[in-house]
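Take a look at the letters that make up each chain.
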Amino acid sequence: VAGGATGKAYAYNADTGQSLAVISLTTSSPTFINDEVVTREAVYFRDSSRAVLYRVALQANGSLPSSPTAQEIPLGGDFEFVAGQFYANGIDATPNGKTLVVVNTFTGILYRVNPTTGVAKKIDLGSDAVPNGDGILLQGRTLYVVQNFLNQVAVVDLNAKYTAGEIVDTLTNPNLDIPSTISNMGNALYVGNVR
């Protein structure tokens, strides 16, 4: 679980709710640990107040080590950052975990990120953008981007290398009231409102 302004991450047993670990990601300020994605090798957290990712390595069986620690990975390359703005928000990973996808809330730009180096490359959407991008969900080559204050979800069709894409649809619903997170189950999307 992303710990927001605490600079920490929390792990729980999904069956019992028992706390398994409290992981210090950063003591820097400001910080806002805002989302995470689990791959086969690690959990990656992103900080919306700083141009960094945090990596918590997993054991070979996918479980947390007994004393989990975090590695800070600076976001570089094409990633744009101005102190004081709310930046990297949603994060997801390709199925093999070798590429992360991140949305920049402030600029509406999508990036593919090397999880080892933090080097970010802009995903070319042509003249399109996804401003107010928040939670994201990558399903194959379809990327769903929650646009919180716009009360909508952009549907982006990406190419096979995740280097370019286009917005092919926009999902709306009168029940959306500043949506933030998105997940799926079966053939349905579930979007959580901040409110």
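Everything below is about the structure shown above.
Described in the following lines is the structure provided in the data block. Throughout this document, residue positions are counted from 1 along each chain, in the order its sequence is written. Only residues with pLDDT of at least 70 get local features here, since the model is predicted, and only at 80 or more are side-chain atom pairs given and counted; chain-wide, interface and lining totals rely on the full set of residues. Side-chain numbers come from the whole structure's heavy atoms, not from hydrogens or water.

As a further point, take the pairing of strand 13 (residues 142–147). Relative accessibility thresholds used throughout: buried, under 20% of the residue-type maximum; exposed, over 50%; partly exposed, between the two (1.4 Å probe, protein chains only). Helix and strand labels come from DSSP, where a helix needs a run of H or I of at least four residues and a strand needs a run of E of at least two; each type is numbered from the N terminus. Along strand 13, 5 of the 6 residues are buried, which leaves the element largely enclosed by surrounding structure. A pair of strands is considered paired only if DSSP assigns at least 2 bridges between the two. In this structure, strand 12 (residues 133–139) lies alongside strand 13, joined through 5 bridges in antiparallel fashion. In the sheet register, glycine 133 faces strand 13, and the bridge partner there is glutamine 147. Here strand 12 folds back onto strand 13, and the loop between the two strands holds 2 residues, one of which, glycine 140, carries a positive phi near 65°.

The next subject is the packing of aromatic side chains. The criterion for an aromatic pair is that two Phe, Tyr or Trp rings (for Trp, the six-membered ring) have centres within 6.5 Å, with stacked assigned to planes under 30 degrees apart, edge-to-face to planes over 60 apart and tilted to the rest. Enumeration over the complete set of coordinates arrives at 1 aromatic pair. A ring pair is formed by phenylalanine 79 and tyrosine 111, whose centres lie 5.1 Å apart and whose planes are at 55°; its orientation type is tilted. Of this pair, phenylalanine 79 sits in the loop between strand 7 (76–77) and strand 8 (88–93) while tyrosine 111 sits in strand 10 (residues 110–113), and the two are 32 residues apart along the sequence. Looking at phenylalanine 79, the relative accessible area reads 11%, which means it is buried.

Here we come to the sheet that holds strand 15 (residues 165–171). Strand order in the open sheet formed by 4 strands is 12-13-14-15, with antiparallel pairing between adjacent strands. Unpaired on one side and paired on the other, strand 12 and strand 15 mark the two borders of the sheet. Going across the sheet, the axis of each strand differs from the next one's by a mean of 25°, ignoring polarity. Each axis is a line fitted through C-alpha atoms, taken for helices only over the stretch in contact, and angles between the N-to-C directions span 0 to 180 degrees.

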